Amino acid sequence: MKSDALTIAGRSYPSRLIVGTGKYPTLEIMKRAIEASGASMVTVAVRRVELSRRSGPSLLDFIDTGKVALLPNTAGCSTAEEAVRTARLGREAGLSDLVKLEVIGDEKTLFPDNEGLVQATRVLVKEGFTVLPYTNDDLVVAKRLRDAGAAAVMPLAAPIGSGLGVQNPANLRIILEEIRDIPIIVDAGVGTASDASMVMEMGADGVLMNTGIAGAGDPVKMARAMRLAIEAGRLAFEAGRIPKKLYATASSPVEGIVR
Amino acid sequence: MADMTIVLNGQDRAAPAGASVLGLLETLGLAPGRVAVEVNGRILRREDFPRAILRESDRVEVVQFVGGG
């Protein structure tokens, strides 16, 4: 049984898992992990070509762009202007309007600069981009991003690369309840399969992760675990869980017990 | 052909006068289909690489996709 697809800006993606391409031990392991994850979209960063180094194998040699969509990011940008410039370069390099928008406001936490984020979203939406902003778990900011034209909002579960899992489930629930017209994709902080299941059970439309897979002892195995966790969590959400009760309710008949 | 100096990814670099962006990429051994190029802050479309002629002191950025999250 398959859960339904993720739809972003009218385009449908079979998997609700989006994976990063950074920090893998090797590009070959990355390739196998992407396959094992079943992801239909992968993030990539935009960087200057290193001219001093002899060109080795290219990242794109290890990504089947016929099967997975590229989602260029603006990682490392700390102003709206930098992010807009990087997004434009990413669009030209990948010939796609998708962008994972990051405007970082603090180096130690990598928490987003919300003002810059909203500003850059407005500019890029006007230029025809499909903007997926990485933001913190704040409903007001999420609404501003939506109103600025974001195609989805991507609140963090915990700081990027921390693996802490959802640190503020109440905030995430509020965002999921209050924003119903565009997808909410949890981005950053997922450490293991249960973190991914948990946010999907809460009703998140998808999860984006990188370090949780790339940094695992066996990235390919963890990629498969995440795939199953996303599917399980989504199916549980669609099925509708039982209400929680403090006391027991017997599962077997109370009559006919042999005494 | 006389050389000129351009600023490529933040570093001075000699290039033959009248070189096109496509020519520069070929010299660098880069596939034009996998990079994006900005000249003096303006992003070029890929189909314009052959006819985009570089001039002395042009600031050129050549970027590509690398692993990231």
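The sections below set out a description of the structure shown in this document. Here the structure is a predicted model, which means the values were calculated and not measured.

**Focus on the overall build of chain A**
Next up, step 1: Check the secondary structure of chain A and you find 8 helices and 10 strands.
Next up, step 2: Whereas a compact globule of 259 residues would reach a radius of gyration of roughly 18 Å, chain A reaches 20 Å, a difference of no more than 12%.
Next up, step 3: Counting only C-alpha atoms and orienting by the principal axes, one finds that chain A spans roughly 85 × 40 × 35 Å.
Next up, step 4: In chain A, which comprises 259 residues, the proportion classed as buried is 46%.
Next up, step 5: Residue pairs at least 24 apart in sequence account for 64% of intrachain contacts in chain A once pairs closer than 6 positions are excluded.

**With respect to the interface of chain B and chain A**
Next up, step 1: Each partner contributes residues to the interface: chain B has 19 residues there, and chain A has 28 residues.
Next up, step 2: Of all the secondary-structure elements, those providing two or more residues to the side of chain B that touches chain A are strand S3 (35-39) and strand S5 (59-67) of chain B.
Next up, step 3: Tallied by class, residues from the side of chain B that touches chain A come to 10 nonpolar, 6 polar and 3 charged.
Next up, step 4: Pairing of strand S4 (residues 41-48) of chain A with S5 of chain B, which is carried by 5 bridges, proceeds in the antiparallel orientation. Across the sheet, residue Ala45 of chain A finds its bridge partner in S5 of chain B, namely Val66 of chain B.

**Remarks on unusual backbone geometry**
Next up, step 1: Despite not being glycine, Leu110 of chain A has its phi angle at roughly 55 degrees, a positive value.
Next up, step 2: Tracing the sequence through the fold places Leu110 of chain A in the loop between strand S6 (98-101) and helix H3 (114-126).
Next up, step 3: We classify Leu110 of chain A as partly exposed; it has 18 C-beta atoms within 10 Å.
Next up, step 4: In this model, Asn9 of chain B sits at a positive phi of 45 degrees, which is unusual for a non-glycine residue.

**Digging into the sheet that holds strand S8 (residues 154-155) of chain A**
By definition, the strands of a sheet pair up through backbone hydrogen bonds, in either a parallel or an antiparallel sense.
Residues and elements named next belong to chain A.
Next up, step 1: The parallel open sheet is built from 3 strands, whose spatial order is S6-S7-S8. Of all strands in the sheet, those with a lone pairing partner are S6 and S8, marking the two edges.
Next up, step 2: Note that S6 and strand S7 (residues 130-135) share 4 bridges and pair parallel. Residue pairing in the sheet places Lys100 in a bridge with Leu132 of S7.

**What to know about the packing of helix H1 (residues 27-37) of chain A against helix H8 (residues 219-239) of chain A**
Residue and element names in this part refer to chain A.
Next up, step 1: The N-to-C vectors of H1 and H8 enclose an angle of 20 degrees; their axes lie 7 Å apart at closest approach. It follows from the interaxial angle that H1 and H8 lie roughly parallel. With respect to the hand of their crossing, H1 and H8 are arranged in right-handed fashion. Of H8, the residues touching H1 (which contributes Ile29, Arg32, Ala33, Ala36 and Ser37) are Pro219, Val220, Ala223, Arg224, Met226 and Arg227.
Next up, step 2: Partitioning the contact of H1 with H8 into residue classes produces 7 nonpolar, 1 polar and 3 charged.

**Notes on the nonpolar core**
Next up, step 1: The biggest cluster of nonpolar side chains holds 90 residues, and the ones touching the most others in it are Val42, Leu101, Leu132, Ile185, Val199, Val207 and Met226 of chain A.
Next up, step 2: Look past the residues within four positions of Met226 of chain A in its chain and what remains in contact with it is Leu17, Ser37, Ala193, Ala196, Met209, Gly212 and Ile213 of chain A.

The rules we used
Position numbers for residues count from 1 along each chain, tracking the sequence in the order it is written. Each chain gets a letter, beginning with A, and each ligand a number, beginning with 1, in the order they are written. Under the rules for a predicted model, residues below a pLDDT of 70 receive no local features and side-chain atom pairs below 80 are neither given nor counted, while totals for whole chains, interfaces and linings still include all residues. Helix numbering and strand numbering both begin at the N terminus, where a helix is a DSSP run of H or I of at least 4 residues and a strand a DSSP run of E of at least 2. Radius of gyration here is computed from C-alpha atoms only, and the compact-globule reference equals 2.2 Å multiplied by the residue count raised to the power 0.38. Working definition of burial: number of other C-beta atoms within 10 Å of the residue's own, with buried at 20 or more, exposed at 12 or fewer, and partly exposed in between, all C-beta atoms being placed from the backbone. Contact between two residues is assigned whenever their backbone-derived C-beta positions fall within 7 Å. Three classes are used: nonpolar for Ala, Val, Leu, Ile, Met, Phe, Trp, Tyr, Cys and Pro, charged for Asp, Glu, Lys and Arg, and polar for all others, with Gly counted as polar. Each pair of strands is called paired provided DSSP finds at least two bridges between the two strands. Structural elements are reduced to axes, namely lines fitted to C-alpha atoms, with helices fitted over the stretch in contact, and the angle between N-to-C directions of any two is expressed from 0 to 180 degrees. Comment on the angle field: the value is read as roughly parallel under 35 degrees, roughly antiparallel over 145, roughly perpendicular from 65 to 115, and oblique elsewhere. A clockwise turn of the near helix away from the far one marks a right-handed crossing, whereas an anticlockwise turn of less than a right angle marks a left-handed crossing. One nonpolar core equals one set of buried Ala, Val, Leu, Ile, Met, Phe, Trp, Tyr and Cys residues connected by C-beta atoms within 7 Å.

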